[in-house]
Amino acid sequence: MLERVETIMKQLVDEVGYSEVSKLFNTLSGGKRLRAKLIFKIASTHKDAPLLGAIVELIHAASLLHDDVIDDAALRRGKASVNATEGSKTAIMLGDILYSKGFSSLVAFDKEIAQTIANSVTALSKGEMMDVAMAESFNDDAQSYLEMLYFKTATLIEAAAKSAALLEGKDADSYALYGKNLGLSFQIIDDILDIVSDEATLGKPALNDYVEGKCTLPYIYLYHDLQDSDKQKLKSLHKKSLSEDDSLWIKSKMKKHKSIERSFSLARKLSDEAVSCVDDIELKEIIETMMKRTF
Ligand code: FPP
Ligand code: MG
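Fair warning: this is a prediction, and the values are worked out from it, not measured in the lab. (Residues numbered from 1 in each chain as written. Chains lettered and ligands numbered in written order. Predicted model: local features only at pLDDT ≥ 70, side-chain atom pairs only at ≥ 80, totals over all residues. Heavy atoms only, no water.)

Looking now at the site of ligand 1. Taken together, 14 residues surround ligand 1, and among them Asp 71, Arg 76, Lys 152, Lys 204 and Lys 214 come closest. Here Asp 71 contributes a side-chain N or O atom positioned 2.8 Å from an oxygen atom of ligand 1. Interatomic distance of 2.7 Å between a side-chain N/O atom of Lys 214 and an oxygen atom of ligand 1. The protein chains hide 90% of the 640 Å² of surface that ligand 1 would expose on its own. Elements supplying a minimum of two residues to the shell around ligand 1: helix 4 (49-70) and helix 7 (111-134). (Near = heavy atom within 4 Å. Polar contact = N/O pair within 3.5 Å; in protein donor to acceptor, adjacent residues only side chain to side chain. Areas by Shrake-Rupley, 256 points an atom, 1.4 Å probe, with all protein chains shown as cover. Helix = DSSP H or I, 4+ residues; strand = E, 2+ residues; numbered from the N terminus.)

Right, let's talk about the side chain of Asp 71 for a bit. Among the structural elements, Asp 71 can be located in the loop between helix 4 and strand 1 (75-76). By relative accessible area, which is 19% here, Asp 71 ends up buried. Not counting the four nearest positions on each side in its chain, Asp 71 is found in contact with Glu 212 and Lys 214. (Buried < 20%, exposed > 50% of the residue type's maximum accessible area, 1.4 Å probe, protein only. Contact = heavy atoms within 4.5 Å.)

Right, let's talk about the packing of aromatic side chains for a bit. Under the counting rule described, the total for this entry stands at five aromatic pairs. Judged by centre distance (5.1 Å) and plane angle (50 degrees), the ring pair of Tyr 99 and Phe 103 falls under tilted. Note that Tyr 99 and Phe 103 are positioned in helix 6 (residues 88-104) at a spacing of four residues, about one turn of the helix. Its relative accessible area of 34% is what places Tyr 99 among the partly exposed residues. (Phe/Tyr/Trp six-rings, centres within 6.5 Å; stacked < 30°, edge-to-face > 60°.)

Protein-derived coordination of the magnesium ion (ligand 2) comes from Asp 67 (OD) and Asp 71 (OD), at a distance range of 2.0 to 2.1 Å. Overall, the relative accessible area of 12% leaves Asp 67 in the buried class. (Donors = N, O, S within 2.8 Å, 3.2 Å for Na, K, Ca; no water.)

Moving on, we get to the side chain of Lys 214. One can find Lys 214 in the loop between helix 11 (208-211) and helix 12 (217-225). Side chain to side chain, Lys 214 and Asp 131 meet in a polar contact 3.5 Å long. Setting aside its immediate chain neighbours within four residues, Lys 214 contacts Asp 71, Asp 131, Ala 135, Asp 209, Tyr 219 and His 238.

This brings us to the environment of Ile 97. By the secondary structure assignment, Ile 97 is in helix 6. The spatial distance from the C-alpha of Ile 97 to the C-alpha of Leu 202 is 27 Å, given a sequence separation of 105 residues.

For helix 1 (residues 2-14), with 13 residues, the first-to-last C-alpha span of 18 Å sits near the 18 Å given by 1.5 Å per residue. Taken as a whole, helix 1 has its buried residues at Val 5, Ile 8, Met 9, Leu 12 and Val 13. In an axial view of helix 1, the angular spread of the buried residues amounts to 135 degrees, which keeps them on one side of the axis. (Expected span 1.5 Å × (residues − 1). Arc of directions from axis to C-beta.)

Attention now moves to unusual backbone geometry. Located in the positive-phi region is Arg 77, a residue other than glycine, with phi close to 50 degrees. For Arg 77, the position within the fold is in the loop between strand 1 and strand 2 (79-80). Unusually for a residue other than glycine, Lys 258 sits at a positive phi of about 55 degrees. One can find Lys 258 in the loop between helix 14 (244-257) and helix 15 (259-277). On the accessibility criterion, Lys 258 (48% relative accessible area) is partly exposed.

Take helix 12 next. Counting buried residues along helix 12, seven of its nine residues qualify, which places the element largely inside the surrounding structure. Turning to helix 12, the residues buried within the fold contact helix 8 (142-168), helix 9 (172-196), helix 11, helix 13 (228-237), helix 14 and helix 15.

Under the defined criterion, the tally for this structure stands at 17 salt bridges. Note that Lys 41 is salt-bridged to Glu 282, the shortest N-O span being 3.2 Å. Here Glu 282 lies in helix 16 (residues 281-292) and Lys 41 lies in helix 3 (residues 34-42), a separation of 241 residues in the sequence. A salt bridge links Asp 67 to Arg 76; the nearest nitrogen and oxygen atoms lie 3.4 Å apart. Each of Asp 71, Asp 131, Lys 152, Glu 212 and Lys 214 takes part in a single network of salt bridges with overlapping partners. (Salt bridge = Lys/Arg side-chain N within 4 Å of Asp/Glu carboxyl O.)

This part covers the environment of Ile 157. Among the secondary structure elements, Ile 157 is positioned in helix 8. The sequence separation of Ile 157 and Leu 182 amounts to 25 residues, and the corresponding C-alpha distance is 7.6 Å. Residues contacting Ile 157, with those up to four places away along its chain left out, are Leu 34, Arg 35, Leu 38, Gly 179, Leu 182 and Gly 183.

This is how it looks when you write it as structure tokens:
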């Protein structure tokens, strides 16, 4: 089934009729295809599930191309990013092509499905703007951080689950809530991995989020648990390139205050809530695989 998604994505990109675009698209690493897998599990019998999966994955790929320009990221999924090898202009335009090809293919679906996906892209962009604004200064508010995560990451997963449910005639609200909680939990795990994994596994430098200015949940929890002088030290390292000693200091403080465990507990709670929304063993498995992932 996933092969079908890859084929449709390639077909849509080839329709652009510019070999440079097809060539560049083929160099992208596909990633986990979590969103397409989710669509297949929910709308397993529907003939249009592969097209819906391809649309959502094209939009996701576009958002990452743009995100790497915004974050000035050199690596994506262990490979040099398009902005690093081809420049930001090309990365933005390739993103525009993938995004608009995905959007125009939405006409094949009912209005509610098309609207669900389209609205999620607005939310996604809003989340990215919030992320950029929040990274300007140190943020210690978990609530606003989680709100930003919802928009930046969970909305597209929520929309994928909801639209697949609409396609298959299942209860859209339950599946949307499953997708939302899965998305939030997924991003919290992502933020944890940025701290606990090494560069080789991550495909990007470790502790990169904090260097980029992103105060993810473990940093927020840690900040509130620190004494005043350590609070100041943590703040002083925000958005700076970190020495080996700085990284070790952050990690040892997180270990002492169990900041990773606390973040993981919230991811677990959200995952359990996701599972309780739907009575489906395969969707439970998606959650468990996601919770155990190391990259
Ligand atoms: C990754 O965040 C970024 C996203 C999940 C969303 C990015 C959204 C946009 C750029 C809006 C534009 C959308 C379209 C469709 C063109 P991250 O930087 O925290 O994660 P990373 O470590 O994987 O880079
Ligand atoms: Mg990024």
